[in-house]
Amino acid sequence: TSELKKVPIPRRGVDYRGKIVLAPMVRSGELPSRLLALHYGADLVWGPETVDRSMIGTTRRYNSESGTIDWTRKPSQGSKIPPGAEVKDSIIYRIHPEKEAGKLIFQIGTSNPDLAVQAARLVAADVAGIDVNAGCPKPFSTHDGMGAALLKTPDKLCAILEALVANIVPEFEIGISVKIRILETAELTETLVRRLVATGITGLTVHCRTTPMRPRERAIRGQLRMIANVCREAGVACIMNGDVGSRDEAMKLTQEFGVDGAMIATQAEKNSSVFRAEADGGLAPWTDVVKQYIRYGLETENKFGNTKFMLTQLIPGKAPVYREISPCKSYTRICEMLGYDDLIERAREVDLSLDIDPDNAGKK
Ligand code: FNR
(Lines give C-alpha, C1' and ligand atoms only; values in the text may rest on other atoms or scores of the structure.)
Protein backbone atom coordinates (compact mmCIF):
# COMPACT_ATOMS: atom_id res chain seq x y z
CA THR A 1 0.00 0.00 0.00
CA SER A 2 1.31 3.43 -0.90
CA GLU A 3 1.83 5.88 1.91
CA LEU A 4 -0.93 8.44 2.35
CA LYS A 5 0.19 11.91 1.33
CA LYS A 6 -0.94 14.62 3.75
CA VAL A 7 -0.61 18.37 3.78
CA PRO A 8 0.94 18.73 7.26
CA ILE A 9 -1.67 19.22 9.99
CA PRO A 10 -0.62 22.17 12.19
CA ARG A 11 0.03 21.37 15.86
CA ARG A 12 -3.23 22.88 17.19
CA GLY A 13 -5.23 21.95 14.10
CA VAL A 14 -7.38 18.92 13.32
CA ASP A 15 -7.18 16.13 10.80
CA TYR A 16 -10.61 15.98 9.17
CA ARG A 17 -10.14 12.33 8.23
CA GLY A 18 -12.60 9.91 9.78
CA LYS A 19 -14.79 12.68 11.17
CA ILE A 20 -18.58 13.03 11.10
CA VAL A 21 -19.25 16.71 11.69
CA LEU A 22 -21.95 19.31 12.30
CA ALA A 23 -22.41 21.66 9.33
CA PRO A 24 -22.19 25.44 9.61
CA MET A 25 -25.71 26.81 10.03
CA VAL A 26 -26.70 30.41 10.56
CA ARG A 27 -29.23 30.52 13.46
CA SER A 28 -29.30 26.72 13.85
CA GLY A 29 -25.60 26.45 14.68
CA GLU A 30 -25.35 28.73 17.70
CA LEU A 31 -23.50 27.53 20.81
CA PRO A 32 -26.19 25.35 22.48
CA SER A 33 -26.88 23.58 19.17
CA ARG A 34 -23.17 22.81 18.81
CA LEU A 35 -22.90 21.53 22.39
CA LEU A 36 -25.92 19.31 21.70
CA ALA A 37 -24.27 17.86 18.58
CA LEU A 38 -21.06 17.20 20.55
CA HIS A 39 -23.12 15.62 23.36
CA TYR A 40 -24.51 13.10 20.86
CA GLY A 41 -21.14 12.35 19.35
CA ALA A 42 -20.36 14.83 16.57
CA ASP A 43 -16.60 14.69 16.05
CA LEU A 44 -16.26 18.37 15.10
CA VAL A 45 -18.66 21.33 14.88
CA TRP A 46 -18.66 24.26 12.45
CA GLY A 47 -19.94 27.60 13.77
CA PRO A 48 -22.46 29.65 11.78
CA GLU A 49 -20.98 31.72 8.96
CA THR A 50 -19.75 35.03 10.34
CA VAL A 51 -18.99 37.83 7.90
CA ASP A 52 -15.48 39.32 8.17
CA ARG A 53 -16.74 42.90 8.58
CA SER A 54 -19.10 41.97 11.41
CA MET A 55 -16.23 40.29 13.29
CA ILE A 56 -13.68 43.07 12.75
CA GLY A 57 -13.94 45.61 15.57
CA THR A 58 -15.37 43.19 18.13
CA THR A 59 -13.94 42.84 21.62
CA ARG A 60 -13.14 39.41 23.07
CA ARG A 61 -14.03 38.79 26.69
CA TYR A 62 -14.61 35.88 29.05
CA ASN A 63 -18.18 35.80 30.37
CA SER A 64 -18.21 34.22 33.81
CA GLU A 65 -22.01 33.91 33.98
CA SER A 66 -22.25 31.72 30.91
CA GLY A 67 -18.74 30.26 31.03
CA THR A 68 -18.28 31.40 27.43
CA ILE A 69 -15.92 33.55 25.41
CA ASP A 70 -17.89 36.28 23.65
CA TRP A 71 -16.93 38.61 20.81
CA THR A 72 -19.13 41.65 21.25
CA ARG A 73 -19.62 45.08 19.76
CA LYS A 74 -21.58 48.21 20.62
CA PRO A 75 -24.99 48.30 18.94
CA SER A 76 -24.65 49.96 15.55
CA GLN A 77 -25.38 53.67 15.37
CA GLY A 78 -28.95 54.30 14.43
CA SER A 79 -30.34 51.29 16.28
CA LYS A 80 -33.29 52.36 18.42
CA ILE A 81 -32.47 52.47 22.09
CA PRO A 82 -35.11 53.91 24.44
CA PRO A 83 -33.84 56.90 26.48
CA GLY A 84 -32.35 55.78 29.78
CA ALA A 85 -32.17 52.14 28.74
CA GLU A 86 -28.99 50.24 29.46
CA VAL A 87 -27.08 49.73 26.25
CA LYS A 88 -26.08 46.09 25.95
CA ASP A 89 -23.33 45.06 23.58
CA SER A 90 -24.44 42.65 20.90
CA ILE A 91 -22.83 39.24 20.86
CA ILE A 92 -21.41 38.49 17.41
CA TYR A 93 -19.80 35.14 18.24
CA ARG A 94 -19.90 32.95 21.33
CA ILE A 95 -17.96 29.78 22.10
CA HIS A 96 -17.46 27.40 25.00
CA PRO A 97 -13.73 27.31 25.64
CA GLU A 98 -13.72 23.91 27.37
CA LYS A 99 -16.54 21.96 25.76
CA GLU A 100 -15.61 23.03 22.24
CA ALA A 101 -11.85 22.85 22.77
CA GLY A 102 -10.15 21.32 19.76
CA LYS A 103 -13.52 20.72 18.07
CA LEU A 104 -14.76 24.07 16.77
CA ILE A 105 -14.22 25.35 13.25
CA PHE A 106 -14.89 29.06 12.66
CA GLN A 107 -16.53 29.69 9.30
CA ILE A 108 -15.94 33.04 7.71
CA GLY A 109 -17.95 34.84 5.05
CA THR A 110 -15.57 36.95 3.00
CA SER A 111 -14.62 38.19 -0.43
CA ASN A 112 -11.40 39.93 0.54
CA PRO A 113 -8.09 38.37 1.62
CA ASP A 114 -7.09 41.22 3.96
CA LEU A 115 -10.44 41.36 5.74
CA ALA A 116 -10.49 37.56 5.98
CA VAL A 117 -7.11 37.57 7.72
CA GLN A 118 -8.12 40.43 10.05
CA ALA A 119 -11.30 38.62 11.10
CA ALA A 120 -9.65 35.19 11.41
CA ARG A 121 -6.91 36.66 13.61
CA LEU A 122 -9.50 37.64 16.24
CA VAL A 123 -10.64 34.05 16.86
CA ALA A 124 -7.73 31.93 15.67
CA ALA A 125 -6.28 31.35 19.15
CA ASP A 126 -9.63 30.01 20.39
CA VAL A 127 -10.67 27.65 17.59
CA ALA A 128 -9.33 24.51 15.90
CA GLY A 129 -9.66 25.70 12.30
CA ILE A 130 -10.81 28.45 9.95
CA ASP A 131 -13.18 27.58 7.10
CA VAL A 132 -14.10 29.80 4.16
CA ASN A 133 -17.72 29.73 2.96
CA ALA A 134 -17.74 29.36 -0.82
CA GLY A 135 -21.17 27.79 -1.10
CA CYS A 136 -23.88 30.07 0.24
CA PRO A 137 -26.27 30.84 -2.66
CA LYS A 138 -28.27 33.58 -0.90
CA PRO A 139 -28.18 37.03 -2.50
CA PHE A 140 -27.03 38.69 0.76
CA SER A 141 -23.84 36.65 0.43
CA THR A 142 -23.34 36.54 -3.31
CA HIS A 143 -24.07 40.21 -4.03
CA ASP A 144 -20.93 41.11 -2.08
CA GLY A 145 -18.92 38.45 -3.90
CA MET A 146 -19.01 36.08 -0.91
CA GLY A 147 -20.30 32.51 -0.61
CA ALA A 148 -21.10 30.75 -3.87
CA ALA A 149 -20.03 33.84 -5.85
CA LEU A 150 -16.45 32.81 -5.04
CA LEU A 151 -16.91 29.66 -7.15
CA LYS A 152 -17.03 31.99 -10.16
CA THR A 153 -13.99 34.00 -9.07
CA PRO A 154 -11.44 31.25 -8.37
CA ASP A 155 -8.52 33.72 -8.42
CA LYS A 156 -10.09 35.60 -5.55
CA LEU A 157 -11.02 32.42 -3.66
CA CYS A 158 -7.47 31.10 -3.97
CA ALA A 159 -6.05 34.48 -2.89
CA ILE A 160 -8.22 34.37 0.25
CA LEU A 161 -7.13 30.82 1.11
CA GLU A 162 -3.47 31.61 0.42
CA ALA A 163 -3.61 34.73 2.59
CA LEU A 164 -5.11 32.73 5.47
CA VAL A 165 -2.55 29.95 5.02
CA ALA A 166 0.32 32.47 5.00
CA ASN A 167 -0.87 34.64 7.89
CA ILE A 168 -2.83 32.36 10.22
CA VAL A 169 -1.22 28.91 10.01
CA PRO A 170 2.34 29.76 11.19
CA GLU A 171 1.25 32.02 14.03
CA PHE A 172 -1.75 30.10 15.38
CA GLU A 173 -0.88 26.57 14.22
CA ILE A 174 -4.38 25.69 13.00
CA GLY A 175 -5.50 24.60 9.55
CA ILE A 176 -7.49 26.39 6.84
CA SER A 177 -10.34 24.73 4.93
CA VAL A 178 -12.97 25.63 2.37
CA LYS A 179 -16.60 24.62 1.78
CA ILE A 180 -17.74 24.57 -1.85
CA ARG A 181 -20.59 23.30 -4.01
CA ILE A 182 -20.21 21.22 -7.15
CA LEU A 183 -20.21 23.06 -10.49
CA GLU A 184 -22.35 22.20 -13.52
CA THR A 185 -19.90 19.67 -14.96
CA ALA A 186 -17.30 17.35 -13.47
CA GLU A 187 -14.63 19.03 -15.64
CA LEU A 188 -15.38 22.48 -14.22
CA THR A 189 -15.41 21.14 -10.66
CA GLU A 190 -12.15 19.27 -11.19
CA THR A 191 -10.37 22.37 -12.49
CA LEU A 192 -11.54 24.35 -9.46
CA VAL A 193 -10.72 21.67 -6.89
CA ARG A 194 -7.20 21.17 -8.35
CA ARG A 195 -6.52 24.85 -7.74
CA LEU A 196 -8.03 24.89 -4.25
CA VAL A 197 -6.07 21.90 -2.96
CA ALA A 198 -2.82 23.58 -4.05
CA THR A 199 -3.33 26.60 -1.76
CA GLY A 200 -2.07 24.89 1.42
CA ILE A 201 -5.50 24.06 2.88
CA THR A 202 -5.87 20.88 4.94
CA GLY A 203 -9.58 20.22 4.30
CA LEU A 204 -12.23 20.65 1.62
CA THR A 205 -15.95 20.11 2.13
CA VAL A 206 -18.10 19.59 -0.92
CA HIS A 207 -21.84 20.18 -0.73
CA CYS A 208 -23.06 17.86 -3.49
CA ARG A 209 -25.48 20.34 -5.04
CA THR A 210 -24.92 23.03 -7.64
CA THR A 211 -25.53 26.66 -6.69
CA PRO A 212 -28.99 26.91 -8.30
CA MET A 213 -30.19 23.67 -6.67
CA ARG A 214 -32.70 24.04 -3.85
CA PRO A 215 -32.34 22.16 -0.55
CA ARG A 216 -35.26 19.85 -1.45
CA GLU A 217 -33.54 18.55 -4.58
CA ARG A 218 -31.60 15.38 -3.93
CA ALA A 219 -27.82 15.77 -3.65
CA ILE A 220 -25.81 14.56 -6.67
CA ARG A 221 -23.09 11.99 -5.97
CA GLY A 222 -21.75 11.69 -9.53
CA GLN A 223 -18.70 13.94 -9.06
CA LEU A 224 -17.81 12.81 -5.57
CA ARG A 225 -15.33 10.02 -6.35
CA MET A 226 -13.40 12.33 -8.68
CA ILE A 227 -13.25 15.10 -6.05
CA ALA A 228 -12.13 12.60 -3.39
CA ASN A 229 -9.34 11.41 -5.71
CA VAL A 230 -8.10 14.92 -6.50
CA CYS A 231 -8.06 15.72 -2.77
CA ARG A 232 -6.24 12.49 -1.88
CA GLU A 233 -3.56 13.06 -4.51
CA ALA A 234 -2.92 16.51 -3.04
CA GLY A 235 -3.00 15.27 0.57
CA VAL A 236 -6.08 17.29 1.50
CA ALA A 237 -8.94 15.72 3.50
CA CYS A 238 -12.27 15.59 1.65
CA ILE A 239 -15.56 15.86 3.54
CA MET A 240 -18.83 15.17 1.77
CA ASN A 241 -22.04 17.06 2.52
CA GLY A 242 -25.63 16.95 1.27
CA ASP A 243 -28.38 14.51 2.28
CA VAL A 244 -26.32 12.65 4.83
CA GLY A 245 -28.86 11.42 7.38
CA SER A 246 -26.92 9.87 10.24
CA ARG A 247 -23.56 8.61 11.44
CA ASP A 248 -24.25 5.10 10.17
CA GLU A 249 -25.26 6.37 6.74
CA ALA A 250 -22.19 8.61 6.74
CA MET A 251 -19.92 5.64 7.40
CA LYS A 252 -21.43 3.77 4.45
CA LEU A 253 -21.24 6.76 2.10
CA THR A 254 -17.65 7.66 2.97
CA GLN A 255 -16.63 4.07 2.19
CA GLU A 256 -18.64 3.94 -1.00
CA PHE A 257 -17.22 7.18 -2.43
CA GLY A 258 -13.75 7.12 -0.90
CA VAL A 259 -14.15 10.43 0.91
CA ASP A 260 -12.56 11.09 4.31
CA GLY A 261 -15.53 12.31 6.33
CA ALA A 262 -19.08 13.60 6.19
CA MET A 263 -20.97 16.71 7.29
CA ILE A 264 -24.62 16.81 8.37
CA ALA A 265 -26.87 19.91 8.40
CA THR A 266 -30.66 19.51 8.06
CA GLN A 267 -31.00 16.16 9.83
CA ALA A 268 -28.88 17.39 12.74
CA GLU A 269 -30.97 20.55 12.93
CA LYS A 270 -34.03 18.32 13.48
CA ASN A 271 -32.46 15.82 15.87
CA SER A 272 -28.81 16.11 16.88
CA SER A 273 -28.67 12.50 18.00
CA VAL A 274 -28.14 11.58 14.33
CA PHE A 275 -24.47 11.71 15.37
CA ARG A 276 -24.95 8.71 17.65
CA ALA A 277 -24.22 5.33 16.06
CA GLU A 278 -26.96 2.68 16.06
CA ALA A 279 -24.61 0.54 18.13
CA ASP A 280 -24.56 3.27 20.83
CA GLY A 281 -28.32 3.74 20.94
CA GLY A 282 -28.99 5.50 17.65
CA LEU A 283 -31.60 8.22 17.31
CA ALA A 284 -32.85 9.54 20.66
CA PRO A 285 -36.53 10.51 21.15
CA TRP A 286 -37.12 14.22 20.55
CA THR A 287 -38.17 14.63 24.19
CA ASP A 288 -34.64 13.70 25.36
CA VAL A 289 -33.00 15.90 22.74
CA VAL A 290 -35.16 18.92 23.61
CA LYS A 291 -34.46 18.67 27.32
CA GLN A 292 -30.72 18.40 26.71
CA TYR A 293 -30.96 21.40 24.39
CA ILE A 294 -32.72 23.45 27.09
CA ARG A 295 -30.01 22.46 29.59
CA TYR A 296 -27.35 23.86 27.24
CA GLY A 297 -29.46 26.92 26.43
CA LEU A 298 -29.73 27.71 30.13
CA GLU A 299 -26.11 26.88 30.86
CA THR A 300 -24.84 29.27 28.18
CA GLU A 301 -27.62 31.88 28.61
CA ASN A 302 -28.54 31.60 24.96
CA LYS A 303 -30.55 34.40 23.39
CA PHE A 304 -34.18 33.61 24.13
CA GLY A 305 -35.39 34.18 20.57
CA ASN A 306 -32.82 31.73 19.23
CA THR A 307 -33.78 29.10 21.82
CA LYS A 308 -37.45 29.40 20.85
CA PHE A 309 -36.56 29.11 17.18
CA MET A 310 -34.53 25.97 17.83
CA LEU A 311 -37.39 24.43 19.82
CA THR A 312 -39.58 24.77 16.74
CA GLN A 313 -36.91 22.81 14.83
CA LEU A 314 -36.43 20.11 17.48
CA ILE A 315 -40.08 19.56 18.45
CA PRO A 316 -42.08 17.76 15.76
CA GLY A 317 -44.90 19.89 14.34
CA LYS A 318 -47.38 17.16 15.22
CA ALA A 319 -46.53 17.12 18.92
CA PRO A 320 -49.23 18.89 20.96
CA VAL A 321 -46.66 21.10 22.77
CA TYR A 322 -45.40 22.50 19.45
CA ARG A 323 -48.15 25.14 19.42
CA GLU A 324 -47.45 26.04 23.04
CA ILE A 325 -43.92 27.26 22.31
CA SER A 326 -44.61 30.48 20.51
CA PRO A 327 -46.76 32.11 23.27
CA CYS A 328 -44.02 31.52 25.89
CA LYS A 329 -42.21 34.73 26.79
CA SER A 330 -39.60 33.42 29.22
CA TYR A 331 -37.32 30.45 29.91
CA THR A 332 -39.32 29.90 33.10
CA ARG A 333 -42.56 29.55 31.14
CA ILE A 334 -40.92 27.17 28.67
CA CYS A 335 -39.68 24.92 31.48
CA GLU A 336 -43.09 24.99 33.18
CA MET A 337 -44.84 24.17 29.95
CA LEU A 338 -42.50 21.26 29.16
CA GLY A 339 -42.66 20.02 32.76
CA TYR A 340 -38.95 20.53 33.51
CA ASP A 341 -39.39 21.17 37.25
CA ASP A 342 -35.71 20.49 37.90
CA LEU A 343 -34.69 23.34 35.57
CA ILE A 344 -37.08 26.06 36.72
CA GLU A 345 -34.76 27.54 39.33
CA ARG A 346 -32.00 27.99 36.78
CA ALA A 347 -34.54 29.26 34.23
CA ARG A 348 -35.54 32.08 36.61
CA GLU A 349 -31.89 33.05 37.08
CA VAL A 350 -31.29 33.12 33.34
CA ASP A 351 -34.45 35.14 32.68
CA LEU A 352 -33.32 37.76 35.19
CA SER A 353 -29.82 37.80 33.75
CA LEU A 354 -31.24 38.34 30.24
CA ASP A 355 -33.70 41.05 31.43
CA ILE A 356 -36.69 38.79 30.76
CA ASP A 357 -39.65 38.81 33.17
CA PRO A 358 -39.83 35.17 34.38
CA ASP A 359 -43.50 35.49 35.30
CA ASN A 360 -44.58 36.91 31.99
CA ALA A 361 -47.31 34.45 31.18
CA GLY A 362 -47.37 35.72 27.63
CA LYS A 363 -51.16 35.74 27.45
CA LYS A 364 -51.82 39.34 26.65
C1 FNR B 1 -27.11 26.20 6.03
N2 FNR B 1 -25.96 26.04 5.25
C3 FNR B 1 -24.86 26.84 5.48
N4 FNR B 1 -23.69 26.61 4.81
C5 FNR B 1 -22.58 27.32 5.11
O6 FNR B 1 -21.53 27.07 4.51
N7 FNR B 1 -22.62 28.31 6.04
C8 FNR B 1 -23.75 28.61 6.74
O9 FNR B 1 -23.74 29.49 7.61
C10 FNR B 1 -24.94 27.88 6.43
N11 FNR B 1 -26.13 28.15 7.08
C12 FNR B 1 -27.19 27.27 6.95
C13 FNR B 1 -28.33 27.43 7.74
C14 FNR B 1 -29.36 26.50 7.68
C15 FNR B 1 -30.56 26.66 8.57
C16 FNR B 1 -29.27 25.41 6.78
C17 FNR B 1 -30.38 24.37 6.68
C18 FNR B 1 -28.18 25.28 5.95
C19 FNR B 1 -25.82 24.89 4.33
C20 FNR B 1 -25.43 23.63 5.10
O21 FNR B 1 -24.21 23.80 5.79
C22 FNR B 1 -25.32 22.41 4.16
O23 FNR B 1 -24.31 22.64 3.22
C24 FNR B 1 -26.61 22.11 3.43
O25 FNR B 1 -27.74 22.26 4.27
C26 FNR B 1 -26.59 20.69 2.86
O27 FNR B 1 -26.50 19.71 3.88
P28 FNR B 1 -27.78 18.82 4.31
O29 FNR B 1 -28.80 19.79 4.83
O30 FNR B 1 -28.28 18.15 3.07
O31 FNR B 1 -27.27 17.90 5.36
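A. Here's a closer look at the side chain of Glu100. Note on placement: Glu100 falls in the loop between strand 6 (90-95) and strand 7 (104-109). In this view, Glu100 contacts Leu31, Arg34, Leu35, Leu38, Val45 and Ile95; residues no more than four positions away in its chain are not counted.

B. Summary view of the packing of aromatic side chains. The tally for this structure, following the rule as stated, stands at four aromatic pairs. Pairing Tyr16 with Trp46 gives two aromatic rings, centres 5.9 Å apart and planes at 45°, and the pair type is tilted. Taken together, the residues span a long stretch of sequence, with Tyr16 in the segment before strand 1 (20-22) and Trp46 in strand 2 (residues 44-46) at a distance of 30 residues. Since its relative accessible area comes to 1%, Tyr16 is described here as buried.

C. Structural detail: the side chain of Asp131. Relative to the helices and strands, Asp131 is located in strand 8 (residues 129-134). Here Asp131 occupies a buried position and makes no salt bridge, while the nearest side chain of opposite charge, Lys179, is found at 6.7 Å.

D. Local environment of the site of the ligand. Lining the immediate surroundings of the ligand are 17 residues, of which Gln107, Lys179, Asn241, Asp243 and Thr266 lie closest. Within the backbone of Glu49, one N or O atom sits 3.2 Å away from an oxygen atom of the ligand. With respect to the ligand, the backbone of Asp243 contributes an N or O atom lying 2.7 Å from an oxygen atom. For the shell around the ligand, the per-class residue count stands at five nonpolar, seven polar and five charged.

E. Region of the structure containing the sheet that holds strand 6. Read across the open sheet, the three strands follow the order 4-5-6; overall the sheet is antiparallel. Edge positions in the open sheet fall to strand 4 (59-63) and strand 6, since each of these has one partner strand only. Taking each pair of neighbouring strands and ignoring which way they run, the sheet shows an average axis angle of 30°. Two elements, strand 5 (residues 68-73) and strand 6, share five bridges in a ladder whose sense is antiparallel. Looking at the pairing, Ile69 lines up with Ile95 of strand 6.

F. Spotlight on unusual backbone geometry. The phi dihedral of Arg27 is positive, around 70°, even though this residue is not glycine. Phi at Glu173 is positive, roughly 55°, even though this residue is not glycine. On the accessibility criterion, Glu173 (27% relative accessible area) is partly exposed.

G. Expanded view of the domain arrangement of the chain. One can read the domain layout of the chain as domain 1 (20-280) and domain 2 (286-353). Computed from C-alpha atoms alone, the centre-to-centre distance between domain 1 and domain 2 is 27 Å. Contact residues are listed per partner, giving 23 residues for domain 1 and 19 residues for domain 2. Across the domain 1 to domain 2 interface the summed buried area is about 1700 Å²; carbon plus sulfur atoms make up 53%. Summed over the shared surface of domain 1 and domain 2, the result is one salt bridge. Ionic pairing is found between Glu299 and Lys99, a salt bridge with its closest N-O pair at 2.7 Å.

H. Highlighting the packing of helix 7 (residues 186-196) against helix 8 (residues 224-234). With their axes 10 Å apart at the nearest point, helix 7 and helix 8 run at an angle of 20° to one another. It follows that helix 7 is roughly parallel to helix 8 by the angle criterion. Helix 8 is crossed by helix 7, and the crossing has right-handed handedness. Facing helix 7, whose interface residues are Ala186, Thr189, Glu190, Val193 and Arg194, helix 8 presents Met226, Ile227, Val230, Cys231 and Glu233. Taken together, the residues of the contact of helix 7 with helix 8 sort by class into six nonpolar, one polar and three charged.

I. Spotlight on the state of the cysteines. This model, assessed by the stated rule, comprises zero disulfides. In this structure Cys136 is not part of a disulfide, and its nearest cysteine sulfur, from Cys208, lies 17 Å away. Residue class for Cys136 comes out buried when judged on its relative accessible area of 14%. No disulfide involves Cys231; its sulfur sits 4.1 Å from that of Cys238, the nearest cysteine.

J. Helix 15 (residues 344-353), seen in detail. Listed as buried for helix 15 are Ile344, Ala347, Val350 and Asp351. Buried residues in helix 15, looked at end-on, bunch into an arc of 115°, giving them a common side. In helix 15, the exposed positions that point more than 90 degrees away from the buried face belong to Glu345 and Leu352. Immediately downstream of helix 15, the backbone of Asp355 shows phi near 60°, a positive value.

K. Structural view of the packing of helix 1 (residues 31-39) against helix 11 (residues 286-299). Between helix 1 and helix 11, whose axes approach to 9 Å, the crossing angle comes to 130°. Here helix 1 is positioned oblique relative to helix 11, judged by the angle of their axes. Helix-helix and strand crossings are classified by hand; for helix 1 and helix 11 the assignment is right-handed. Along its contact with helix 1, which presents Pro32, Ser33, Leu35, Leu36 and His39, the element helix 11 presents Val289, Gln292, Tyr293, Tyr296 and Gly297. Considered class by class, the residues forming the contact of helix 1 with helix 11 number six nonpolar, four polar and no charged.

About the thresholds
- Residues numbered from 1 in each chain as written.
- Predicted model: local features only at pLDDT ≥ 70, side-chain atom pairs only at ≥ 80, totals over all residues.
- Heavy atoms only, no water.
- Helix = DSSP H or I, 4+ residues; strand = E, 2+ residues; numbered from the N terminus.
- Contact = heavy atoms within 4.5 Å.
- Phe/Tyr/Trp six-rings, centres within 6.5 Å; stacked < 30°, edge-to-face > 60°.
- Buried < 20%, exposed > 50% of the residue type's maximum accessible area, 1.4 Å probe, protein only.
- Lys, Arg positive; Asp, Glu negative; His and termini not counted.
- Salt bridge = Lys/Arg side-chain N within 4 Å of Asp/Glu carboxyl O.
- Near = heavy atom within 4 Å.
- Polar contact = N/O pair within 3.5 Å; in protein donor to acceptor, adjacent residues only side chain to side chain.
- Nonpolar A, V, L, I, M, F, W, Y, C, P; charged D, E, K, R; others polar.
- Pairing = 2+ DSSP bridges.
- Axes fitted to C-alpha atoms, helices over the stretch in contact; angles between N-to-C directions.
- Domains from an automatic or database assignment.
- Buried area = accessible area lost by both parts, 1.4 Å probe.
- Parallel < 35°, antiparallel > 145°, perpendicular 65-115°, else oblique.
- Left-handed = near helix turned anticlockwise from the far one by under 90°.
- Disulfide = S-S within 2.5 Å.
- Arc of directions from axis to C-beta.

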